Amino acid sequence: MALDKSYQDIPGTIVFDAEMSRKGYHLNQFCMSLRKEENRKRFLGNEQAYVDEWPLTDLQRKGVLERDYNLCIEEGGNIYFLSKLFYTDEHSFERTVSKMVGMTPETYREMMLNGGRPIEGNRSKGES
Amino acid sequence: MALDKSYQDIPGTIVFDAEMSRKGYHLNQFCMSLRKEENRKRFLGNEQAYVDEWPLTDLQRKGVLERDYNLCIEEGGNIYFLSKLFYTDEHSFERTVSKMVGMTPETYREMMLNGGRPIEGNRSKGES
Amino acid sequence: MARITSAVFSSHIPAVGAAIDGGTTDNEYWSPVFKRFEFSKQWQADNKPDVIILVYNDHASAFDLRVVPTFAIGCSESFEIADEGWGPRPVPPVIGHPDLAWHIAQSVILDSFDLTICNDFKVDHGLTVPLSLMFGQPDAWPCKVIPFMVNVIQYPPPTGKRCFDLGNALRNAVEKFDEDLNVHIWGTGGMSHQLQYTRAGLINKEWDTNFLNTLIADPEELSKTSHTEYIREAGSEGIELVMWLVARAALGAQVNEIQRFYHVPASNTALGHLILEKADS
Amino acid sequence: MARITSAVFSSHIPAVGAAIDGGTTDNEYWSPVFKRFEFSKQWQADNKPDVIILVYNDHASAFDLRVVPTFAIGCSESFEIADEGWGPRPVPPVIGHPDLAWHIAQSVILDSFDLTICNDFKVDHGLTVPLSLMFGQPDAWPCKVIPFMVNVIQYPPPTGKRCFDLGNALRNAVEKFDEDLNVHIWGTGGMSHQLQYTRAGLINKEWDTNFLNTLIADPEELSKTSHTEYIREAGSEGIELVMWLVARAALGAQVNEIQRFYHVPASNTALGHLILEKADS
Ligand SMILES: [Fe+3]
Ligand SMILES: [Fe+3]
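The structure reproduced in this document is the subject of the present report.

**Notes on the overall build of chain A**
So, point 1. A tally of regular secondary structure across chain A gives nine helices and zero strands.
So, point 2. From first element to last, N terminus to C terminus, chain A shows the α and β order α-α-α-α-α-α-α-α-α.
So, point 3. A principal-axis box enclosing the C-alpha atoms of chain A has dimensions of 45 × 45 × 20 Å.
So, point 4. Burial status across chain A gives 53% buried among its 128 residues.
So, point 5. Total accessible area on chain A stands at roughly 5,900 Å², and carbon and sulfur atoms take up 50% of it.
So, point 6. Between the averaged position of the 18 positive side-chain charges in chain A and that of its 21 negative side-chain charges there is a distance of 4 Å.

**Quick word on the layout of surface pockets**
So, point 1. Empty space within the largest pocket amounts to approximately 1,400 Å³.
So, point 2. A62(C), D64(C), R66(C), V67(C) and R66(D) are, among the 41 residues lining the largest pocket, the residues nearest its centre.
So, point 3. For the lining of the largest pocket, the element with the most residues is helix α2 (residues 25-33) of chain A, which contributes three residues.
So, point 4. Taken together, the residues of the lining of the largest pocket sort by class into 17 nonpolar, eight polar and 16 charged.

**Some details on the coordination of the iron ion (ligand 1)**
Residue and element names in this part refer to chain C.
So, point 1. Only H12 (NE2), H59 (NE2) and E240 (OE) from the protein reach the iron ion (ligand 1) as donors, at distances of 1.8 to 2.1 Å.
So, point 2. All donors of the iron ion (ligand 1) belong to a single chain; written as a sequence motif, their spacing is H-x46-H-x180-E. Within this pair, whereas H12 is found in the loop between β1 (3-10) and α1 (14-22), its partner H59 is found in the loop between β2 (51-56) and β3 (67-69), the two being separated by 47 residues in sequence.

**Section: the coordination of the iron ion (ligand 2)**
For a metal bound by four donors in tetrahedral geometry, the ideal donor-metal-donor angle is 109.5 degrees, whereas six donors in octahedral geometry ideally sit at 90 or 180 degrees.
All names here are of chain D.
So, point 1. Ligation of the iron ion (ligand 2) by protein atoms is provided by H12 (NE2), H59 (NE2) and E240 (OE), these donors lying 1.8 to 2.1 Å from the ion.
So, point 2. Each donor residue of the iron ion (ligand 2) belongs to the same chain, and together they define the spacing H-x46-H-x180-E. Of this pair, H12 sits in the loop between β1 (3-10) and α1 (14-22) while E240 sits in the loop between α8 (227-234) and α9 (242-251), and the two are 228 residues apart along the sequence. Each member of the pair H12 and E240 is classed as buried.

**What about the packing of aromatic side chains?**
By convention here, two paired aromatic rings are described through the distance between centres and the angle between planes.
So, point 1. By the definition in use, this model includes 46 aromatic pairs over all chains.
So, point 2. Here F9(C) and W244(C) contribute two aromatic rings whose centre-to-centre distance is 5.3 Å and whose plane-to-plane angle is 35 degrees, an arrangement assigned as tilted. Taken together, the positions of F9(C) in strand β1 and W244(C) in helix α9 (residues 242-251) put the pair 235 residues apart, joining distant regions of the chain.
So, point 3. Looking at F9(C), the relative accessible area reads 0%, which means it is buried.
So, point 4. Residue classification places W244(C) among the buried positions, given a relative accessible area of 0%.
So, point 5. Counting every residue linked through ring pairs, the aromatic cluster contains Y69(A), Y80(A), F86(A), Y87(A), F93(A) and W86(C).
So, point 6. One Lys or Arg, R109(A), reaches over the ring of Y29(C) and ends 4.1 Å from the middle of that ring.

**What to know about the side chain of S11(C)**
Residues and elements named next belong to chain C.
So, point 1. Mapped onto the fold, S11 is located in the loop between β1 and α1.
So, point 2. The exposure class of S11 is buried, given its relative accessible area of 2%.
So, point 3. Polar side-chain contacts of S11 include one of 2.5 Å to the backbone oxygen of G190.
So, point 4. Separated by 3.5 Å, the side chain of S11 and the backbone nitrogen of M191 make a polar contact.
So, point 5. Among residues more than four places away in sequence, those in contact with S11 are P130, L133, G189, G190, M191, W244, A270, L271 and G272.

**Thoughts on the sheet that holds strand β3 (residues 67-69) of chain D**
So, point 1. Taking strand neighbours across the sheet as the criterion, the nine strands line up as β10(C)-β11(C)-β1(C)-β9(C)-β2(C)-β8(C)-β4(C)-β7(C)-β3(D) in an open arrangement whose pairing is mixed. Each edge of the open sheet carries a strand with a single partner, namely β10 (255-266) of chain C together with β3 of chain D. Mean inter-strand twist for the sheet, computed between neighbouring axes without regard to direction, equals 20 degrees.
So, point 2. Note that β1(C) and strand β9 (residues 182-188) of chain C share seven bridges and pair parallel. The residue bridging R3(C) from the neighbouring strand is N182(C), located in β9(C).
So, point 3. Its contacts with the sheet put helix α3 (residues 98-110) of chain C on β2, β4 (71-74), β7 (116-118), β8 (144-150) and β9 of chain C, and the angle it makes with β4(C) is roughly 150 degrees.
So, point 4. Across the face of the sheet, helix α6 (residues 205-217) of chain C comes into contact with β1, β10 and β11 (269-278) of chain C while running at roughly 165 degrees to β10(C).

**Here we look at the interface of chain D and chain B**
So, point 1. Contact with chain D, which involves 41 residues of that partner, is made by 51 residues of chain B.
So, point 2. Buried area between chain D and chain B, both sides added, is near 4,200 Å², and the carbon and sulfur share of it is 58%.
So, point 3. Counting the surface chain D buries against chain B, the share from its top three residues, L65(D), W86(D) and Y197(D), is 17%.
So, point 4. On inspection of chain D and its partner chain B, the count reaches three salt bridges.

**Thoughts on the nonpolar core**
So, point 1. The biggest cluster of nonpolar side chains holds 205 residues, and the ones touching the most others in it are F30(A), F30(B), I104(C), F148(C), I104(D) and F148(D).
So, point 2. Setting aside residues no more than four positions away along its own chain, F30(A) makes contact with F43(A), Y50(A), V51(A), W54(A), L56(A) and V64(A).
So, point 3. Listed in part, the 78 residues of the second largest apolar core include F63(C), L133(C), F37(D) and F135(D).

**Here's the deal with unusual backbone geometry**
Generally, phi is negative for residues other than glycine and the peptide bonds are trans, each holding for most cases.
So, point 1. The linkage connecting Y155(D) with the following residue, P156(D), adopts the cis geometry, with an omega of 0 degrees.
So, point 2. Relative to the helices and strands, P156(D) resides in the loop between β8 (144-150) and α5 (160-175).
So, point 3. Of note, the amide linkage connecting G190(D) to M191(D) takes the cis form, showing an omega dihedral of -5 degrees.
So, point 4. Here the phi dihedral of E90(A) falls at roughly 60 degrees; this positive angle occurs in a residue that is not glycine.

**Description of the environment of T209(C)**
So, point 1. Positionally, T209(C) belongs in helix α6.
So, point 2. Sequence separation between T209(C) and S61(C) is 148 residues; the distance between their C-alpha atoms is 31 Å.

**Things to note about the interface of chain A and chain C**
So, point 1. Contacts between the two partners involve 51 residues from chain A, matched on the other side by 41 residues from chain C.
So, point 2. Here chain A is connected to chain C by three salt bridges.
So, point 3. In this structure, D83(C) engages R40(A) in a salt bridge whose closest nitrogen and oxygen atoms are separated by 3.0 Å.
So, point 4. Applying the counting criterion to the chain A and chain C interface returns 29 residue pairs in polar contact (both at pLDDT 80 or more).
So, point 5. Of all the secondary structure elements, the ones that give two or more residues to the side of chain A that touches chain C are α1 (18-23), α2, α6 (69-74), α7 (79-88), α8 (93-100) and α9 (105-113) of chain A.
So, point 6. Of all the elements, α7(A) adds the most residues to the side of chain A that touches chain C, at six residues.
So, point 7. Looking at the side of chain A that touches chain C, its residues break down into 25 nonpolar, 14 polar and twelve charged.

**Quick word on the sheet that holds strand β4 (residues 71-74) of chain D**
So, point 1. Sheet architecture is open: nine strands sit in the order β3(C)-β7(D)-β4(D)-β8(D)-β2(D)-β9(D)-β1(D)-β11(D)-β10(D), paired in mixed fashion. Either end of the sheet is taken by a strand with one partner, and the two such strands are β3 of chain C together with β10 (255-266) of chain D. Adjacent strand axes in the sheet meet at a mean angle of 20 degrees when their direction is disregarded.
So, point 2. Sitting on the sheet, α5(D) touches β1, β2 (51-56), β4, β8, β9 (182-188) and β11 (269-278) of chain D, and the angle it makes with β1(D) is about 145 degrees.

**Some words on helix α5 (residues 160-175) of chain C**
So, point 1. Its 16 residues place the ends of α5(C) 23 Å apart at the C-alpha level, agreeing with the 22 Å of an ideal helix rising 1.5 Å per residue.
So, point 2. Inspection of α5(C) places G160(C), R162(C), C163(C), F164(C), L166(C), G167(C), A169(C), L170(C), R171(C), A173(C) and V174(C) among the buried residues, and these make up the whole buried set.

**Quick word on the environment of R232(C)**
So, point 1. Along the polypeptide, R232(C) turns up in helix α8 (residues 227-234).
So, point 2. For R232(C), a relative accessible area of 18% puts it in the buried group.
So, point 3. Sequence separation between R232(C) and E84(C) is 148 residues, and the spatial gap between their C-alpha atoms is 28 Å.
So, point 4. Separated by 3.0 Å, the side chains of R232(C) and D9(A) make a polar contact.
So, point 5. Only 2.7 Å separates the side chain of R232(C) from the backbone oxygen of R123(A), close enough to count as a polar contact.

Rules used throughout
Residues numbered from 1 in each chain as written. Chains lettered and ligands numbered in written order. Predicted model: local features only at pLDDT ≥ 70, side-chain atom pairs only at ≥ 80, totals over all residues. Heavy atoms only, no water. Helix = DSSP H or I, 4+ residues; strand = E, 2+ residues; numbered from the N terminus. Buried < 20%, exposed > 50% of the residue type's maximum accessible area, 1.4 Å probe, protein only. Areas by Shrake-Rupley, 256 points an atom, 1.4 Å probe, with all protein chains shown as cover. Lys, Arg positive; Asp, Glu negative; His and termini not counted. Charge placed at Lys NZ, Arg CZ, Asp CG, Glu CD. 1 Å grid on protein atoms, 1.4 Å probe; cavity = no way out; pocket = protein on both sides within 12 Å on 5 of 7 lines; lining within 4 Å. Points joined across faces, edges and corners; volume = space filled by probe spheres on them. Nonpolar A, V, L, I, M, F, W, Y, C, P; charged D, E, K, R; others polar. Donors = N, O, S within 2.8 Å, 3.2 Å for Na, K, Ca; no water. Phe/Tyr/Trp six-rings, centres within 6.5 Å; stacked < 30°, edge-to-face > 60°. Lys NZ or Arg CZ within 6 Å of the ring centre and 35° of its normal. Polar contact = N/O pair within 3.5 Å; in protein donor to acceptor, adjacent residues only side chain to side chain. Contact = heavy atoms within 4.5 Å. Pairing = 2+ DSSP bridges. Axes fitted to C-alpha atoms, helices over the stretch in contact; angles between N-to-C directions. Buried area = accessible area lost by both parts, 1.4 Å probe. Salt bridge = Lys/Arg side-chain N within 4 Å of Asp/Glu carboxyl O. Core = buried A, V, L, I, M, F, W, Y, C linked by side-chain atoms within 4.5 Å. Expected span 1.5 Å × (residues − 1).

Written out as structure tokens, the structure is:
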């Protein structure tokens, strides 16, 4: 009798559970390094060289270098760790999230002003 | 109704509770620095200069420099942190404890071989 | 004897901090939020606590993945402001209350809560944004703050039931503290929001409304809500709401509602805010 | 299904590690101890587990006073040996079992234990001395080890009752793990000893004997022992014995005694050792 993972039925959602945490360990620790101004400068100066210092997978490197946050999340990145990366770009949560859902910042803000993404149709993979 | 501190009735014993932990915070963190070989060398090279780098009280400095472990414990030192200090001197727990109880290493070992310090008379401050 | 007299609940959205720090609280987007907080700030000024037990979650600031405590209490004299990626927020350092914090730590550990005792860590927007909302921009925070961290990032967080039980244990601990202190407890985070992947932007006003109603009237019933329901209905980051149960339980059963506010959107999030006072106080 | 089939209890005295590492196990002082462990080593070789859940306390090695977790589980792939002040012990690194460790962490957190999840820390004599006693000096440890740390240094440690309840939760967690694994659980530390101040050198054989008897026959009764009794009767460091309750409860009620050994002195300490097997296994 394994653990309850009923949250895996939720569409468009990757819960940061043990499996994801293990997969993303070094990716997230890489993000943590960007809390220091000197590291942010070094990273922005030569991104490829900086990420090569970390034991990341090819997909994780690609996700970071292309700022493909959905890919980062699939590869174990957690949004609060990833925020150190988009803050390094001086991007906000709002701007980053709009990119994750494939909207322009304006369209995304419009959706939020209209009450956000509705829950109807978004509860379960069977339903959506 | 404050917390139960009935352990304060035990003779010859200083329990490492909140009060002691707060008192000894920097003393114990100083000891932690001695887990590194380079710091041990630096400390043994110039003890006074090394302890002056830490925000210790005069009594804590005295305790460290004179290896007065009972004083260190009274001033908030915890034995497992202090062990980094006596290990730096290449002294064992046994040798250090004999010093704390005012015995020669030989007399202390003799007491231990004879079954250790008896509990009778050592349970409570009232009794001892 | 120390007593918990009030509970304040509030989202702790980074963009709200950015609006305060950047001076854009008057604009069309933010003014509906900050106008409503004028009442709360006045109430707070009229009801100044000696200490706030501030229940929040660290967002990869004090801890990274090497150490993930479920419950952690801050026992030091003061706490610096964390750099979350674009410099620390320009707010005063947080002054702790080591006497009460250590008392609470000892009391709840003996009461079967497996706390992590912490010293020397930095606090992030989870703690500072609610302080800014309630106190504005003073040169120094007007009271002491005990940071109380709950893991809600690494699944699984503590269950709602465990958070509810912890709240009761915190109340008991505070009431065993000999000094006369007026203590407030704050629950932060939420409400519905999802900050990641393709369902991001989710808002569930109906569920949030029900959460607020039940939190006030029957928090013990609310404590049965499963983690999957939080994530499904309130979004992957909406699970932060378990922290509100800690503060709600700590206040005791009978409460008066002083303030209630719900607003969509604040950046990606449904902003929720409550002030409750202990009914017999 | 994974199952906990045996429990091993042992002191984790630094001087015992030094005797092994320094090759002095044959001398007059140590040979009475190591002779009795010949049987235990043989039993261990005949009953090789896949994984050991090793309950121990960190002695200011993985953690300093900045972070003091009550219960912490090691989830990484491997653990290096700590330098406790005169270089790391010359023993192999410890290989973890992240699958089972993470499973246990999730299971017991959902079961109301407020665990701290840990990665990337070093293990000290509390963990390595029992391994050396049971496995000798191999090039690599013959099985996986999940380090499980209990705070017994910063007062208050978890209560005996809490440790007992945790043991039950660990058994339930292991039995929910789908893979077939033979799991042993070890409880370490103790027995009576005091390493500090003017009462140091205390040994209480009568109390220790009663502890061993009750641990085997009625651990739930034993779990009621107060912290003050441990410290008073078994010395300030004798309180490490609460960790034995974790391992004892994890094995379940019915057990067979395979080995029992008690010896004074080992350096400053009364060395205790037990091997119990699950009765129906
Ligand atoms: Fe948050
Ligand atoms: Fe120990």
